[in-house]
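A look at the structure
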Amino acid sequence: DGSLRFVLEPQDAVTVRGGVLQLDCEARSDQGVPVISWKKDGVLLSAVVDERRQLLSNGSLLVQNVLHSRHHRPDEGSYQCLATLEGLGAIVSRTARVTVAGKSSPRPMYLTLSLSCGSPSGPLRVVVPTESVSAHLGDTALLRCEVTGEPMPVVRWQKNREDLTLTFDPDSRVVILNLLISSVTDDDSGTYTCVAHNKQQNISASCQLSVLVPPQFLSYPSNTYAYESTDIEMECAVTGNPQPTVRWVKNGEAVIPSDYFQIVEGGHLQILGLVRSDEGFYQCIAESEAGNSQAMAQLILLQPVSPSSGVLPSAPRDVAPVLVSSRFVRLGWRPPEETRGTVLTYTVFFSEEGINRERSVNVTEAEGLQLTVSNLRPEATYSFRVVAYNEQGPGESSEAIRLSTQPEILVPGPVENLRAEAASASSIQASWDPPSHTSGPVQSYRLLWTETSTGKEQNVEVVGQSYRMEGLKKFTEYSLRVLAVNRHGPGLSDKDMLITTLSDVPSASPQNISLEVVYSRSIKVSWQPPPANTQNGFITGYKIRHRKTGRRGEQEAIEPNNLWYLFTGLEKGSQYSFQVAAMTVNGSGPSSEWHTAETPENDLDETQVPNQPSSLHVRPLPNSIIMSWTPPLNPNILVRGYIIGYGVGSPYAETVRVDSKQRYFSIENLEPSSHYVISLKAFNNAGEGVPLYESAVTRSMSDTSTPMIPPVGVQAVALTSDSVRVSWADNSIPKNQKSSEVRYYSVKWKTSHSTSGKYKVNTTLSHTVTGLKPNTMYEFSVMVTKGRKSSTWSMTAHATTYEAAPSSAPKDLTVIGREGRPRAILISWQPPLEANGRITGYILYYTLDKNMPIDDWVMEPISGDRLTHQVMDLSLDTVYYFRIQAKNAKGVGPLSEPVQYRTAKGERPHLRSSPPPIGQMRPPHGSVTPQKNSNLLVIIVVSVGAVTVVVVVIVALICTRRSSAQQRNAGKRKGSQKDLRPPDLWIHHEEMELKNMEKPSSSAPSGRESPNQSCQEIAPVSHSQSESQMANVSRLQGHAHQDDDSHGLSAQQHT
């Protein structure tokens, strides 16, 4: 068989933005090598339009660097492969759907039935979310029934009102019955009912399960050989659920039904009066929501044998009409004058005036000299001629005669009172009354309905006077007409009736959903309506659900008019997911997949223009220059797009604007062998940034040297916090063929903020880069080298390594005192140099003994957005040690080095709790006032001053002697200290001294020193202050000190 056929057809594919898409297609024929081309969304693709697309030698279509943005989706859609063979025709492949960003496979369908009652005697209530579900052939269907009640109901399942055997635990308070049907078949379709009953009530809920069966062929079209002017019928019978629709394609173009091309008996193609242009490849395509399938056959018109005229019959004689009616003509003739053998048959050729297509009819008996030509139109003019055939072939044709059919008089008139109404979203009920003029008994009625948008017509013979048309498209306009049929044929019809099926919820989700982070607290969601044939009604609005990652519950918003919605008031630095569903008056359709975006920690700066793009690469071709670039280094300045300028000798002759997410552009329609200067600059609302310049000379048309093609489809995927896997494809290697020369691939990588990169050379099509920094964005590019030839660097790919625990401690840890608050300190620090992720918190440690294990230090957690912290209620004149560490989502980092700090020595004198110094006692009531006894006051002051000087000298001597003694007896100091009893003027705590901390001797303020205290400073504090200090000491050292209650009086009371 030398017909044209597909060996490999494109399959549905899911790809990602920036990735590589390859659709395979291969066709064969014994009569030559087919030429492969591609269609996208019904339009022929051309490799000249977009250099990313390449037609490989084996027919496959390769698309590099797949594009997908909010307003630009050039690579997503429906693809078909077109195989053309010169002189034979063309065939088209199945339709392959390409989706960018991916959609998950169909999920199991669920039915949830909840039965509950408000009180033991209350009625059962049923809530059924859906009444019908669908499952694809071979999928798993899960129907769920949940029942509660008092007393506990008994539950059973039924299919088509017949009980199914199921088991469950009768002692459970809540019964959940899952009806799981694995690998569903068409026989599993039906109505499933969950029946629950108890002593109070019997109740049930039903669900219609439809199994979607892809189209399957019952009979295939076969190759057909015929002569011009004959009629043929190509078979095509299909089945499936739902019932597939059938359409025919000739040489890749749709066959439109007409008087000479008719789809009969549901799928057969009937061609009347073949002409030479009808030759070619015909494909029967069956489609339904369960899938599509196709079969192909070739129509070949045979060339009639033309032997010498001496062996063929002459023309039949005296061709004349015997009977002319409104819908048929009976012709008669006499045999040829010279038969030149035995006449085997006669053929009558006829054609309608004004139509360039001739049909033919053969006589059933060779000796018959009459033939009735039927199925003509009333009041139409036809041309008839007759040809005789003998053993050698057809002879001469008779002279053509012109005849006009009669007006319609014998067929029935139009039916009366044609009525039609939409019974559902997929059916129409039609009824009518018989015609007033029948011209004999009406044998049947022919109901014809046409989908007005496509012109596709279907018909059915009806015996009665009503009919229900099923399987129609939802919310679609149809044109109806009814013809009464008697023995003379179908009658006349009045004007057609237009009727539209009812609307329904959309059967598909909105398309091309995109998220745009507008500000740190706002995300804009945009979408396109569902495909027109899935809207099933007028779209009244869209329902947008959103949820925050990690938080339970969803929120809904309704957008009635626009194709976008702006969510405001979101949390900074948070991840949100969105899905959109279209709505009609019937309700909401299926929701889209969840799409996720993350709000930034802070808004990007737009008060200044963007920086210069960090790199620009150009690759010249004879008529174009391909350029690629990387964004500015500063990621905190908002970039709204790029301005590309180019020209011969000037970079501003032509300018083009592209959006901020684009990283490449192809400048087309350039002159060969010309020097072009190219500029690239980023812009935002503040203005245009500094341009980056590059120059290139387009290649000459005579330049036959083939440059090395850079690797394509470079992808970078983070593996760990310090490694990224880079892979690519090399299109310069013939497919399924090993290269004869060794190729070396150089992989270059650098951070987005660095100007120099690192290199690695290997011979495979992938490489794992290690030793990277955590939580850092890197850009990668690849170059291929073969012998002395090297390609340019490829398009860059970006990847961000995973987070890791901080690898360095916070820096610049500083401790300062608070003025006027000696027991409080303020601690400040800077984030670690190697945070390796977003800092979520800090942990501050402090202690009195820096040699203690870190677990015994006091620990205080601090939020990650703070760089200062205040510690309160510390002991006076005490040395503390401080350390700090940072943490992120992956763990905690190392501790900083200890920082030492000594608190202030004492409280301020103006504190209310301090007693008045000795020698400054208040005079008692009734004493002589200074105003009356000034002289006496002077004498007393001088005396007191003299005594004070003497006391200070004595105390100094005693301190000097005892200091020496204490140094010699340092081990006995604590024991002797406990035996001391201060004068009643002071508040005394027996174990006030801090263990493990020896305070150096120092002079007390004037008037607060007592010789009996060994010159050791005892702070005059109130009882409440002492308790606070003691609590803090207990917390630090792990043991408590007891107060001496017998001396718990204030200094004022002692005075």
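Residues numbered from 1 in each chain as written. Predicted model: local features only at pLDDT ≥ 70, side-chain atom pairs only at ≥ 80, totals over all residues. Heavy atoms only, no water.

Points about the overall build of the protein chain
Scanning the protein chain for helices and strands turns up four helices and 77 strands. Evaluated residue by residue, the protein chain yields a buried proportion of 41% over its 1055 residues. Taking the intrachain contacts of the protein chain between residues at least 6 apart in sequence as the baseline, contacts between residues at least 24 apart amount to 64%. Accessible surface computed for the protein chain: about 56300 Å², of which carbon and sulfur atoms make up 50%. (Helix = DSSP H or I, 4+ residues; strand = E, 2+ residues; numbered from the N terminus. Buried < 20%, exposed > 50% of the residue type's maximum accessible area, 1.4 Å probe, protein only. Contact = heavy atoms within 4.5 Å. Areas by Shrake-Rupley, 256 points an atom, 1.4 Å probe, with all protein chains shown as cover.)

Let's talk about the state of the cysteines
Applying the stated rule across the entire model yields two disulfides. Between Cys236 and Cys284 runs a disulfide, and the two sulfur atoms are separated by 1.8 Å. Across the S-S bond of Cys236 and Cys284 the torsion is about -70 degrees, and the bridge reads as left-handed. Here the residue Cys236 occupies a position in the loop between strand E22 (232-234) and strand E23 (237-241), and Cys284 occupies one in strand E28 (residues 280-288), the gap between them amounting to 48 residues. Owing to a relative accessible area of 1%, Cys236 belongs among the buried residues under this scheme. (Disulfide = S-S within 2.5 Å.)

Quick look at the packing of aromatic side chains
Scanning the model with the defined rule gives 16 aromatic pairs in all. Ring geometry for Phe567 versus Phe578: centroids 5.1 Å apart, planes at 45 degrees, classification tilted. Taken together, the residues Phe567 in strand E50 (residues 564-567) and Phe578 in strand E51 (residues 575-584) connect sequence positions eleven residues apart. Assessed through its relative accessible area of 5%, Phe567 is described here as buried. Given the relative accessible area of 0%, Phe578 is considered buried. By way of ring pairs, the aromatic residues Phe350, Tyr382 and Phe384 are connected into one cluster. The ring of Trp564 carries Lys524 above its face, with NZ or CZ at 4.9 Å from the centroid. Taking NZ or CZ as reference, Lys748 lies 4.5 Å from the ring centre of Trp793, over its face. (Phe/Tyr/Trp six-rings, centres within 6.5 Å; stacked < 30°, edge-to-face > 60°. Lys NZ or Arg CZ within 6 Å of the ring centre and 35° of its normal.)

A closer look at the confidence of the model for the protein chain
Residue-level pLDDT values for the protein chain average 78, and 80% of them are 70 or greater. Of the regions scoring below 50 in pLDDT, residues 102-130 engages in 73 contacts with residues more than four places distant in sequence or in other chains. Taken as a whole, residues 909-934 scores under 50 in pLDDT and shows 18 contacts with residues more than four places along the chain or in a different chain. (pLDDT = per-residue confidence, 0-100.)

Points about the sheet that holds strand E39 (residues 427-433)
Adjacent strands of a sheet form backbone hydrogen bonds with each other and so pair up, either parallel or antiparallel. Read from one edge of the open sheet, three strands run E38-E39-E42, paired in antiparallel fashion. The outermost strands of the open sheet, each flanked by one partner alone, are strand E38 (416-424) and strand E42 (466-469). Going across the sheet, the axis of each strand differs from the next one's by a mean of 15 degrees, ignoring polarity. By the bridge criterion, four bridges tie E39 to E42 in an arrangement that is antiparallel. Along E42, the bridge assignment pairs Ser431 with Ser466. (Pairing = 2+ DSSP bridges. Axes fitted to C-alpha atoms, helices over the stretch in contact; angles between N-to-C directions.)

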